[in-house]
Structures are given as C-alpha cells and as structure tokens.
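# An overview of the molecular structure
What follows is each chain in one-letter form.
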Amino acid sequence: NNPAAAREWYQKAAKKGHATAQYVVGRMFEAGWGVRKDYISAYAWYCLAAQKRDTVMAFNKEYDPKMAFDRVTKLLNSSQMNLAKKKYQSLKSSQ
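### Structural notes on the overall build of the chain
For the chain, the count of helices and strands is six helices and zero strands. For the chain, the proportion of contacts with a sequence separation of at least 24, taken over those separated by at least 6, is 59%. Carbon together with sulfur atoms contributes 53% to the accessible area of the chain, which is approximately 5800 Å² in total.

As structure tokens, then:
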C-alpha cells in the first residue's frame, strides 16, 4: 500500500516499453494515484500504451488504452493538447 513506490516501479517498466505499465502510469496520472492529477502526462502514457497493446490488454477490456486515451482527450483544451503531444513525442523518443 505504497502508491509512490508502485508508481516508481511502474514508471521504470513503462520507460522500458512495457505497454501494460505504460497504461497503468497513465491511469495513475489520470486518477491522481500516488501523483498529482496530470491529464497531459496521462495522455502521453496512454498514447504509448495504445501503440503497443500487449496480450494483457488484448484480452482484458479493463486495460483499454484507446478508451482511456479518448476519455482524457476530452478533458484537454487545445493548449493542453499541444503540450500533451509534445510530452508524448519526448517519451516516445526516449524509449
């Protein structure tokens, strides 16, 4: 029951390209689990996860990065969307 430690481990896996971890990190940012709510970061992580969709996601509707991505997109204004796209590009290039 240590959200900060969980976030740290999930972020390590997410940065190494693990799609389910990328989804979970996005969810953490969207919901504010162990971090402050940040829809821009949630968007970026969901984007990465949606591109990779691993087998866990393929068989479990709970982990649907496309639906999560669509949900967060509706919460961003155009300025935030530009920042979110830049953050996504930065994350993508660091993988």
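### Some details on the packing of aromatic side chains
In this structure the tally under the stated criterion is two aromatic pairs. On the numbers, 5.5 Å between centres and 35° between planes, the contact of Tyr23 with Tyr46 is tilted. Taken together, the residues span a long stretch of sequence, with Tyr23 in helix H2 (residues 19-31) and Tyr46 in helix H3 (residues 39-52) at a distance of 23 residues. Each member of the pair, Tyr23 as well as Tyr46, is classed as buried. Over the aromatic face of Trp9 sits the side chain of Lys12, whose NZ or CZ is 4.5 Å from the ring centroid.

### Description of the side chain of Ser41
Tracing the backbone through its elements, the reader meets Ser41 in helix H3. A relative accessible area of 2% places Ser41 in the buried class. Residues within four places of Ser41 in sequence aside, it is in contact with Phe29 and Lys87.

### What about the nonpolar core?
Within the largest apolar cluster, 25 residues are counted, with the highest numbers of intra-cluster contacts made by Tyr23, Phe29, Tyr43, Trp45, Tyr46, Val72 and Leu76. Only H2, H3, helix H5 (65-73) and helix H6 (78-93) provide two or more residues apiece to this core. Of the residues forming this core, the biggest block, nine residues, is contributed by H3.

### Describing the environment of Ala84
Looking at the secondary structure, you find Ala84 in helix H6. It is 6.2 Å that separates the C-alpha atoms of Ala84 and Tyr43, two residues lying 41 residues apart in sequence. Other than its neighbours up to four places away in sequence, Ala84 contacts Ile40, Tyr43, Ala44 and Leu76.

### Topic: the environment of Asn82
By secondary structure assignment, the location of Asn82 is in helix H6. Residue classification places Asn82 among the partly exposed residues on the basis of a relative accessible area of 45%. Spatially, the C-alpha atom of Asn82 lies 9.1 Å from that of Ile40, the residues being 42 residues apart in sequence.

### Re the confidence of the model for the chain
The predicted coordinates ought not to be read in detail in places where the model reports low pLDDT. For the chain, mean pLDDT is 88; residues scoring 70 or higher make up 88% of the total. Here helix H4 (residues 55-58) stands out as the element of the chain with the lowest mean pLDDT, 56, in contrast to H6, whose mean of 95 is the highest.

### Focus on the packing of H3 against H5
Packing of H3 against H5 leaves a shortest axis separation of 9 Å and a crossing angle of 155°. With respect to H5, the element H3 is oriented roughly antiparallel. For the element pair H3 and H5, the recorded crossing hand is left-handed. Here Tyr39, Ala42, Tyr43, Tyr46, Cys47, Ala49 and Ala50 of H3 come into contact with H5, specifically with Pro65, Lys66, Ala68, Phe69, Arg71, Val72 and Thr73. Here the contact of H3 with H5 is composed, by residue class, of eleven nonpolar, one polar and two charged.

How each quantity is defined
- Residues numbered from 1 in each chain as written.
- Predicted model: local features only at pLDDT ≥ 70, side-chain atom pairs only at ≥ 80, totals over all residues.
- Heavy atoms only, no water.
- Helix = DSSP H or I, 4+ residues; strand = E, 2+ residues; numbered from the N terminus.
- Contact = heavy atoms within 4.5 Å.
- Areas by Shrake-Rupley, 256 points an atom, 1.4 Å probe, with all protein chains shown as cover.
- Phe/Tyr/Trp six-rings, centres within 6.5 Å; stacked < 30°, edge-to-face > 60°.
- Buried < 20%, exposed > 50% of the residue type's maximum accessible area, 1.4 Å probe, protein only.
- Lys NZ or Arg CZ within 6 Å of the ring centre and 35° of its normal.
- Core = buried A, V, L, I, M, F, W, Y, C linked by side-chain atoms within 4.5 Å.
- pLDDT = per-residue confidence, 0-100.
- Axes fitted to C-alpha atoms, helices over the stretch in contact; angles between N-to-C directions.
- Parallel < 35°, antiparallel > 145°, perpendicular 65-115°, else oblique.
- Left-handed = near helix turned anticlockwise from the far one by under 90°.
- Nonpolar A, V, L, I, M, F, W, Y, C, P; charged D, E, K, R; others polar.

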